[in-house]
Every structure is written in structure tokens, then in C-alpha cells.
Amino acid sequence: MSKLFDKPSIYFIMGTQNTAGREPLMVLEQALAGGINHFQLREKGSDALTGDALMKFAIECKWLCRQYDVPFIVNDHIELAQAVDADGIHVGQQDAAATKVRRIIGADKILGVSVHSLTEAKNAIDSGADYVGMGPVFNTQTKEDAKSPAGVSGIAAVKKLHPELPVIGIGGITPDNAARVWSAGADGVAVISSIAQAENIASQVIRFKTNLKAGAGK
Ligand code: 3NM
């Protein structure tokens, strides 16, 4: 397993539109206090922050992540990631091609790619991805154009062929189903709503950790 994912990762993803009206920085700080291992800023949709407001928010998120020594990863916005000196960038299949992104950000930054098949996983490796996000594992309400839920079999198939590639499951993951994702071979779980909208955010992260450990017989 790569050093980046050397233990079950709770990889929290959030934009200002995911917090059900709660102060996003407070949500992030609670998630960090609970023990998330990675954070990705993902501003999406018609009400997404843009321009200076997005830059300011990204700098604040990065500062909070630094306090907890958690890598700060930006979704899709390469220029923003570079401007705030993020630790990494995550791109989808529709975003700028991963090979080009790797060339722009250099070897030292983290590159994550969303994949939905073995072929896409192989292409991500060839592009220099440090990890892939694979989903949706379960049904999700969060991503409007999400594909049909694929379960955990795709993750198991990718890990069988590419055991060295860190794979993070995404889509509809909760503390109750996270251990299934881990048992299939995933290196972590990427989560938006189950953490961002939890009543007690830090406790919810701790529940994820406890349940992942319980399922860690792989
Ligand atoms: N990507 P939640 S599913 C951002 O399948 C994202 O690639 C997906 O949100 C994919 O944890 C998804 O609330 C949404 O289900 C995940």
C-alpha cells in the first residue's frame, strides 16, 4: 500500500453546497477533529463559489487541513490547486485528461482520478495517478450524473489486477456499509453526505473508523 493510504482512509469530500446550510468551515473542522485522513474540496453546481470567494474558501480549508496534518486536495480546478499550493488534485473522466494534469502539477503533488472500470483504472495508472476513486458503490443522491450503483465487485477486480494501486470507494458510503468496501480490498472510503450532513460530525467520523477497523480482516 502506498504511504499516502497506509491505513484505512476516511477521505472526506465537501463543497459549500453539501452541508445542509451549516457553516462549511465548521463542518470541515469537526470532520478533522474526528480524524479524517484526506480532504477534497469539491465545489459544484449552480450555487458553487467562484473567483475570489472560492480562492478565499480554499485557503481557509487548506489552513484547517494543515492544523491536522491532513492532505488538502482540490477537485478539478487545476489553476486553483496551483494558486493555493494544494497537496493534490482530483479529476474525473470528463475533466482535463489526467496525463496532462500530471504534467502540469509535477511529480510531487497527489493526483487522483475517478474511474468506473478496469480500463479506466489502467489508464489512470498510465497517466501517473497516485490513487483512483471508484464508484458509485452504492446509491447516491449527491452526484446528479452518477452512474448506477456498481457494488464492491469493481473494486475487488481492480485490486486483484493492480494490488499496488490505492483504490478509494465512493458513493452512498455510510458507517454501516463501509466495512463491505474495505473488505473488498479498498484502501479507503470517500464520503460526502454521510459526514457533511451528520448530526454530530466528529462522532460520525469515529463511527466510520471503528466500523472500518472491525471489517479490517482483509
Ligand atoms: N463521485 P455521497 S459518486 C462525487 O461515482 C461522487 O464517481 C461519484 O457522495 C462517482 O457520499 C459521488 O454523498 C458522490 O454519496 C458521493
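Please refer to the structure placed before this passage.
Residues numbered from 1 in each chain as written. Predicted model: local features only at pLDDT ≥ 70, side-chain atom pairs only at ≥ 80, totals over all residues. Heavy atoms only, no water.

1. Points about the overall build of the chain
Here is step 1: In terms of regular secondary structure, the chain is built from nine helices and eight strands.
Here is step 2: In terms of overall dimensions, the chain is globule-like: its C-alpha atoms have a radius of gyration of 16 Å, near the 17 Å expected for 218 residues.
Here is step 3: Along the longest, intermediate and shortest principal axes, the C-alpha atoms of the chain span 45 × 40 × 30 Å.
Here is step 4: Looking at the chain as a whole, 50% of its 218 residues are labelled buried.
Here is step 5: Within the chain, counting contacts between residues at least 6 apart in sequence, those at least 24 apart form 58% of the total.
Here is step 6: Accessible surface, the chain as shown: approximately 10200 Å² in total, 51% of it carbon and sulfur. (Helix = DSSP H or I, 4+ residues; strand = E, 2+ residues; numbered from the N terminus. Rg over C-alpha atoms; globule rule 2.2 N^0.38 Å. Buried < 20%, exposed > 50% of the residue type's maximum accessible area, 1.4 Å probe, protein only. Contact = heavy atoms within 4.5 Å. Areas by Shrake-Rupley, 256 points an atom, 1.4 Å probe, with all protein chains shown as cover.)

2. Here's the deal with the sheet that holds strand S5 (residues 110-115)
Here is step 1: In spatial order, the strands read S1-S2-S3-S4-S5-S6-S7-S8; together these eight strands close into a barrel with parallel pairing. Strand after strand, the sheet turns through a mean of 25° between neighbouring axes, direction not considered.
Here is step 2: Across three bridges, the pairing between strand S7 (residues 167-170) and strand S8 (residues 188-191) is parallel. Across the sheet, residue isoleucine 168 finds its bridge partner in S8, namely glycine 188.
Here is step 3: Along the sheet, helix H2 (residues 51-67) contacts strand S1 (9-14), strand S2 (38-41) and strand S3 (72-75); its crossing angle with S2, the most-contacted strand, is approximately 175°.
Here is step 4: Sheet strands in contact with helix H6 (residues 153-161) are strand S6 (131-134) and S7, and its direction is about 175° off that of S7. (Pairing = 2+ DSSP bridges. Axes fitted to C-alpha atoms, helices over the stretch in contact; angles between N-to-C directions.)

3. Some words on the site of the ligand
Here is step 1: Near the ligand there are 13 residues, and of these Pro136, Thr140, Thr142, Gly172 and Ser193 occur at the shortest range.
Here is step 2: Contact distances for the ligand include 2.9 Å between an oxygen atom and a backbone N or O atom of isoleucine 192.
Here is step 3: Contact with the protein chains covers 96% of the free accessible surface of the ligand, which is 430 Å².
Here is step 4: Class assignment for the residues of the shell around the ligand results in four nonpolar, seven polar and two charged. (Near = heavy atom within 4 Å. Polar contact = N/O pair within 3.5 Å; in protein donor to acceptor, adjacent residues only side chain to side chain. Nonpolar A, V, L, I, M, F, W, Y, C, P; charged D, E, K, R; others polar.)

4. Re the state of the cysteines
Here is step 1: By the definition in use, this model includes zero disulfides.
Here is step 2: Considering cysteine sulfurs only, cysteine 61 is the nearest to cysteine 65, which forms no disulfide, with 6.6 Å between them. (Disulfide = S-S within 2.5 Å.)

5. Observations regarding unusual backbone geometry
Here is step 1: The omega torsion of the bond from glycine 135 to proline 136 falls at 0°, within 30 degrees of zero and hence cis.
Here is step 2: Considering the arrangement of structural elements, one finds proline 136 in the loop between S6 and H6.
Here is step 3: Look at aspartate 76: it is not a glycine, yet its phi comes out positive at around 75°.
Here is step 4: The exposure class of aspartate 76 is partly exposed, given its relative accessible area of 24%.

Read these as geometric descriptors, not functional statements.
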